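Summary of the model geometry
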Amino acid sequence: MAGHSKWAQIKHKKAQVDARKGKIFTKLVKEISVAARLGGGDPEKNPRLRVAIEKAREVNMPSDNIKRAIMKGTGELAGTAYEEVVYEGYGPGGVALLIEAMTDNKNRTVSEIRHILSKHGGSLGESGCVSWIFEKKGYILVDKKSVDEDTLLSVALDAGVEDVKNDPKEENYEIIVSPENLKNVKEVLQKAGINVSLAEVTMLPKNYVSVEGEDAEKMLKLMDALEDHDDVQNVYANFDIPDEAMSKAEA
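Residues numbered from 1 in each chain as written. Predicted model: local features only at pLDDT ≥ 70, side-chain atom pairs only at ≥ 80, totals over all residues. Heavy atoms only, no water.

By the naming in an unreviewed UniProt entry, the chain is Probable transcriptional regulatory protein V4D30_07350, taken from Thermodesulfovibrio autotrophicus. According to UniProt, the comment filed for the chain under the heading Sequence similarities (unreviewed entry) is "Belongs to the TACO1 family." In its Subcellular location (unreviewed entry) section, the UniProt entry covering the chain states "Cytoplasm". (UniProt positions renumbered as here; feature names shortened; annotations may be inferred.)

Structure (structure tokens):
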């Protein structure tokens, strides 16, 4: 979990910076619109939409932007129709990559993704080449300053979590839950006065590839380049990189 944990926390901090620049709004508008198109515009009946709206509110997206995105998804307002696509490939050192994107032009997007991968020592693979390495899980980060480990374990295990991890070098505890139980566990923790730093459905690797030196630097630059692409919603990878390389990425 070391690679995932560190990158999840770096990504969370970067998201706050991107939000201040309005950079993340484009991706969230796409997610809200697609969620509304597929499951309807009522967040109480559409879990995916509810989560997307929560993420939008966390980065202070104006309510009008959220409302318009929903209306575009349901067809009440004219808007671009986005398709969901998943790309699979490899990064430096044989790291597995799973890339989720939303696009209005699949040919353009796949060409740009292939170029980014090639530029940073990676390659695009066939469908199914790495997806078996990942499994969908609910993932929660809890600020260690808000609760001691024993209290967290008591509350979390009663809520039906799968695992609680405590890396002494990290600022947060990690909690793994089933995707269906994510909302419930988050609410239980918050009611207990525990500060939830991040709660999301993600794809966790079943195994990790250790990457060091030049390959580690290339891998982190590749992750940044992919996540910076407007069509890319999520990037999942199974790298494990030394703390010093991660610290440079965080700086």
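Before going further, it helps to spend a moment on the overall build of the chain. Across its full length, the chain carries nine helices and ten strands. Expected size for 251 residues packed as a compact globule is a radius of gyration near 18 Å; at 18 Å, the chain falls within 12% of this value. A principal-axis box enclosing the C-alpha atoms of the chain has dimensions of 50 × 45 × 35 Å. The buried share among the 251 residues of the chain stands at 45%. Contacts in the chain between residues at least 24 apart in sequence constitute 72% of all its contacts with a sequence separation of at least 6. (Helix = DSSP H or I, 4+ residues; strand = E, 2+ residues; numbered from the N terminus. Rg over C-alpha atoms; globule rule 2.2 N^0.38 Å. Buried < 20%, exposed > 50% of the residue type's maximum accessible area, 1.4 Å probe, protein only. Contact = heavy atoms within 4.5 Å.)

On to the UniProt feature "domain: TACO1/YebC-like second and third" (unreviewed entry) in the chain. The residues that UniProt annotates with the feature "domain: TACO1/YebC-like second and third" (unreviewed entry) are residues 82-239. End-to-end, the C-alpha atoms of residues 82-239 are 30 Å apart, and along that stretch the chain is 32% helix and 35% strand.

Turning to the sheet that holds strand E5 (residues 163-165), a few remarks are in order. Read across the sheet, four strands follow the order E5-E6-E4-E7 without closing on themselves; strand pairing throughout is antiparallel. Here the strands that pair on one side only, and so sit at the sheet edges, are E5 and strand E7 (196-205). Put simply, the sheet's adjacent strands are angled 25° from each other on average, direction ignored. Summarising the sheet, strand E4 (residues 134-143) and E7 pair through nine bridges and their orientation is antiparallel. (Pairing = 2+ DSSP bridges. Axes fitted to C-alpha atoms, helices over the stretch in contact; angles between N-to-C directions.)

Turning to the nonpolar core, a few remarks are in order. A general feature of soluble globular proteins is that nonpolar side chains tend to end up buried together. Membership of the largest hydrophobic core comes to 23 residues, with the highest contact counts inside it found for Leu97, Met219, Met223, Leu226 and Phe239. Sorting the residues of this core by element identifies helix H1 (2-20), strand E1 (83-90), strand E2 (96-103), helix H5 (106-119), helix H8 (213-228) and strand E9 (232-237) as the ones contributing at least two each. For this core, the leading source of residues is H8, giving six residues. Beyond its immediate chain neighbours, meaning those up to four positions away, Met223 contacts Trp7, Leu97, Val235, Ala237 and Phe239. (Core = buried A, V, L, I, M, F, W, Y, C linked by side-chain atoms within 4.5 Å.)

Attention now moves to helix H7 (residues 182-191). For H7, every residue scored as buried is listed here: Leu182, Val185, Lys186 and Leu189. Buried residues of H7, seen end-on, are gathered within an arc of 100° and therefore sit on one face of the element. Packing partners of the buried residues in H7 comprise helix H3 (47-58), E4, helix H6 (149-158), strand E6 (172-177) and E7. Downstream of H7 by a residue or two, Gly193 has a phi angle that is positive, lying close to 80°. (Arc of directions from axis to C-beta.)

What follows covers H8. Here H8 is 16 residues long and its end C-alpha atoms lie 23 Å apart, about the 22 Å a rise of 1.5 Å per residue gives. Within the span of H8, buried status applies to Ala216, Met219, Leu220, Leu222, Met223, Leu226 and Glu227. Buried positions in H8, seen along its axis, are confined to an arc of 155° and lie on one side of it. Seen from the open side of H8, the exposed residues pointing more than 90 degrees away from its buried face are Glu214 and Lys221. (Expected span 1.5 Å × (residues − 1).)

Inspection of the secondary structure assignment puts Ser33 in helix H2 (residues 25-39). Between the alpha carbons of Ser33 and Pro43 there is a distance of 12 Å; along the sequence they are ten residues apart. When residues no more than four places from it in sequence are discounted, the contact partners of Ser33 are Ala69, Lys72 and Gly73. At a separation of 2.9 Å, a polar atom in the side chain of Ser33 contacts the main-chain carbonyl oxygen of Ala69. (Polar contact = N/O pair within 3.5 Å; in protein donor to acceptor, adjacent residues only side chain to side chain.)

Within this structure, the stated rule accounts for 13 salt bridges. Two residues, Arg108 and Glu112, come together in a salt bridge whose shortest N-O distance is 3.5 Å. Of this pair, Arg108 and Glu112 both sit in helix H5, separated by four residues, roughly a single helical turn. Given a relative accessible area of 31%, Glu112 falls into the partly exposed group. Among the salt bridges present, the one from Lys137 reaches Glu162, with a minimum N-O distance of 2.8 Å. You can see Lys137 sitting in strand E4 and its partner Glu162 sitting in the loop between H6 and E5, a full 25 residues away along the chain. The class of Glu162 is partly exposed, set by a relative accessible area of 44%. One network of salt bridges, in which partners are shared, links Lys30, Asp104, Arg108, Glu112 and Asp231. (Salt bridge = Lys/Arg side-chain N within 4 Å of Asp/Glu carboxyl O.)

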